[in-house]
Amino acid sequence: MSDLKRPGGVTFVIALIWISAFVNAALGIWLIILMLGDNPTLTDWQGNTFEIPGFWLLMNGLLSLLLGFMYVWLARMAAIGAASAQVIIQALAVINIVFGLFRLPYGWLALVLNVLILVIVSGAKAKEWFSRPI
């Protein structure tokens, strides 16, 4: 195993991945719990009220839990320096940038964070971290 110390930028990205894992898992649990009671309603900007079906809540809750577990797996891979983790992080950052563009003007935070993640993970120190023998 190499004695290379993990760069601070990579540690920052790993922390963001852990935060995303926690938020997705909490959201998944919350959506599943919402399904157990009366189905909640949403009111759109025109004042129309819509009931959210229980099946929708269950499926989105389960998918959020799955995404949370996938983020845990990715954070652990990045922490040990697996080369595939760098590629997956870069691909997810590009996908999130595209979706951030679709969500403008509300997607600015996603755009800025994912561009920052892409720059950090593509840097020389990060490439050295992810290309070292494990």
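Residues numbered from 1 in each chain as written. Predicted model: local features only at pLDDT ≥ 70, side-chain atom pairs only at ≥ 80, totals over all residues. Heavy atoms only, no water.

> Explain the packing of aromatic side chains here, please?
Geometrically, a pair of aromatic rings is defined through the distance of the ring centres and the angle of the planes. Applying the stated criterion across every chain, the model contains one aromatic pair. Taking the centre distance of 6.3 Å and the plane angle of 70° together, the rings of Phe 99 and Phe 102 count as edge-to-face. Remark: Phe 102 and Phe 99 occur in helix H3 (residues 83-102); sequence separation between them is three residues, near one turn of the helix. Taking the relative accessible area as the measure of exposure, Phe 102 reaches 67% and is therefore exposed. Looking at Arg 132, its charged tip hangs above the ring of Trp 129, at a distance of 3.9 Å from the centre. (Phe/Tyr/Trp six-rings, centres within 6.5 Å; stacked < 30°, edge-to-face > 60°. Helix = DSSP H or I, 4+ residues; strand = E, 2+ residues; numbered from the N terminus. Buried < 20%, exposed > 50% of the residue type's maximum accessible area, 1.4 Å probe, protein only. Lys NZ or Arg CZ within 6 Å of the ring centre and 35° of its normal.)

> Teacher, can you tell me more about the confidence of the model for the chain here?
For any part of a model where pLDDT is low, the fine detail of the predicted coordinates should not be relied upon. Scored by pLDDT, the chain comes out at a mean of 92, with 98% of its residues at no less than 70. Looking at the elements of the chain, mean pLDDT is at its lowest for strand E1 (residues 41-43), recorded as 81, and at its highest for helix H2 (residues 54-80), recorded as 95. (pLDDT = per-residue confidence, 0-100.)

> Just checking my understanding: could you explain the packing of helix H1 (residues 8-36) against H2 for this structure?
Helices that pack against each other are described as a pair by the angle of their axes relative to one another and the distance between those axes. One way to put it is that H1 packs onto H2 with a least axis distance of 7 Å and a crossing angle of 160°. Classed by the angle they form, the pair H1 and H2 counts as roughly antiparallel. The two elements H1 and H2 meet at a crossing, and its hand is left-handed. A breakdown of the residues in the contact of H1 with H2 according to their chemical character gives 23 nonpolar, eight polar and one charged. (Axes fitted to C-alpha atoms, helices over the stretch in contact; angles between N-to-C directions. Parallel < 35°, antiparallel > 145°, perpendicular 65-115°, else oblique. Left-handed = near helix turned anticlockwise from the far one by under 90°. Nonpolar A, V, L, I, M, F, W, Y, C, P; charged D, E, K, R; others polar.)

> Help me understand the side chain of Asn 114, please; the structure alone is not making it clear to me.
Its place among the elements puts Asn 114 in helix H4 (residues 108-121). For Asn 114, the contacting residues outside a window of four places in its chain are Ala 93, Asn 96 and Ile 97. (Contact = heavy atoms within 4.5 Å.)

> I keep staring at the environment of Thr 49 and nothing clicks. Help me out?
Tracing the backbone through its elements, the reader meets Thr 49 in strand E2 (residues 49-51). Sequence separation between Thr 49 and Leu 109 is 60 residues, and the spatial gap between their C-alpha atoms is 29 Å. Those residues within four positions of Thr 49 in sequence are excluded, and the remaining contacts are Thr 41, Leu 42 and Thr 43.

> Sorry if this is basic, but what is going on with the nonpolar core here?
When a protein is soluble and globular, its nonpolar side chains tend to lie buried together. In terms of nonpolar packing, the biggest core is built from 21 residues, with Val 13, Ile 17, Ala 85, Ile 89, Ile 117 and Phe 130 touching the most fellow members. Within the residue set of this core, elements represented by two or more residues are H1, H2, H3, H4 and helix H5 (124-131). With six residues, H1 is the single largest residue contributor to this core. (Core = buried A, V, L, I, M, F, W, Y, C linked by side-chain atoms within 4.5 Å.)

> Is there a simple way to think about H4 in this case?
Since one α-helical turn is 3.6 residues long, residues separated by three or four positions face the same way. Between its first and last C-alpha atoms H4 spans 20 Å; for 14 residues at 1.5 Å apiece the expected length is 20 Å, and the two agree. Every buried residue of H4 is listed here: Leu 111, Asn 114, Ile 117, Ile 120 and Val 121. Next to the buried residues of H4 lie H1, H3 and H5. (Expected span 1.5 Å × (residues − 1).)

> So what exactly am I meant to see when it comes to H2 here?
Helix length check: H2 (27 residues) gives 40 Å between terminal C-alpha atoms against 39 Å at 1.5 Å per residue, within 8%. Of all the positions in H2, only Gly 54, Leu 57, Gly 61, Ser 64, Leu 65, Gly 68, Tyr 71, Leu 74, Ala 75, Met 77 and Ala 78 are classed as buried. Looking at the buried positions of H2, the neighbouring elements they touch are H1, H3 and H5. Phi turns positive one or two residues past the end of H2, at Gly 81, with a value near 90°.

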